[in-house]
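Remarks on the overall topology
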Amino acid sequence: DATQIEWDFDTKTGNNFVAAGPNVWTANVGWSGKPNVPGNYSIGVHAKDRAGNDSGRGTASFSVQDNTAPYFEMTSPSDGFRIAAGQGFQVRGKARDKQSGLAKLEWSFDGGAAVVAKAWSPPVVATADSDKTDWAIDVPASLTTGQHALTVYFTDGAGNRTTITPSAVLNF
């Protein structure tokens, strides 16, 4: 009968506990910070009996996947923003991704091809809801007079994408 069980996470040892009874044991396998980090992991377990005989290490592998798109907000310009034709301007905001991290910021006007404004390598991973990354897009002075719809895209390290289009268009 096993009297001591030892488990390890990704070969980090030292997590010992005593078995609850013959062939029965449970463990809360907590690991600081890891549940929010996508990737492949393994857990290993081995048992010892009263005589010190070791069962040998058995392992199981699992993966944590990121299926959540990044959060972001635009802080300026406000809806209905007006500038003179031929003038450039800046779009600003804050963003975060607590799992695979912010990887790419893109923008487009009027449904056109997306322009990469920023790429992070490695991706920027937030550690808390309040941990937001400031971002800015410098829009060149190439738009014609009239109304234009701006779309901003954020992609995280796992390929999840968030899109935001302000409810009002920018007037030039």
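Presented here is a report on the structure given in the accompanying data block.

Thresholds applied
- Residues numbered from 1 in each chain as written.
- Predicted model: local features only at pLDDT ≥ 70, side-chain atom pairs only at ≥ 80, totals over all residues.
- Heavy atoms only, no water.
- Helix = DSSP H or I, 4+ residues; strand = E, 2+ residues; numbered from the N terminus.
- Polar contact = N/O pair within 3.5 Å; in protein donor to acceptor, adjacent residues only side chain to side chain.
- Contact = heavy atoms within 4.5 Å.
- Salt bridge = Lys/Arg side-chain N within 4 Å of Asp/Glu carboxyl O.
- Phe/Tyr/Trp six-rings, centres within 6.5 Å; stacked < 30°, edge-to-face > 60°.
- Buried < 20%, exposed > 50% of the residue type's maximum accessible area, 1.4 Å probe, protein only.

1. Regarding the side chain of Asn160
- Tracing the backbone shows Asn160 in the loop between β11 (150-156) and β12 (161-164).
- Within the structure, the side chain of Asn160 is placed 3.0 Å from the backbone oxygen of Asp66, a separation counted as a polar contact.
- Of the polar contacts made by the side chain of Asn160, one reaches the backbone oxygen of Thr68; its length is 3.4 Å.
- If sequence neighbours within four positions are ignored, Asn160 has contacts with Asp66, Asn67, Thr68, Ala69, Pro70, Phe154 and Thr155.

2. Concerning the pattern of salt bridges
- Evaluation of the coordinates by the stated rule reveals five salt bridges.
- Glu73 is paired through a salt bridge with Lys132; the nearest N and O atoms lie 3.7 Å apart. Placement of Glu73 in strand β5 (residues 71-76) and of Lys132 in the loop between β8 (115-124) and β9 (133-139) is noted, with a sequence separation of 59 residues between them.
- Taking the shortest distance from any N to any O, the salt bridge between Asp134 and Lys94 comes out at 2.6 Å. Separated by 40 residues along the polypeptide, Asp134 in strand β9 and Lys94 in strand β6 (residues 89-96) bring together distant segments of the chain.
- Beyond isolated ion pairs, a larger network of salt bridges with shared partners links Arg96, Lys98 and Asp129.

3. What to know about the packing of aromatic side chains
- One pass over the structure, following the stated rule, counts six aromatic pairs.
- On the numbers, 4.7 Å between centres and 55° between planes, the contact of Phe72 with Phe154 is tilted. Residue Phe72 is located in strand β5, and its partner Phe154 is located in strand β11; the two are separated by 82 residues in the primary sequence. Accessibility classification places Phe72 together with Phe154 in one group, the buried group.
- Judged by centre distance (5.7 Å) and plane angle (75°), the ring pair of Trp107 and Phe109 falls under edge-to-face. The same class applies to Trp107 and to Phe109, which are both buried.
- Cluster of aromatic residues (ring-pair linked, three or more members): Phe72, Trp120, Trp135 and Phe154.

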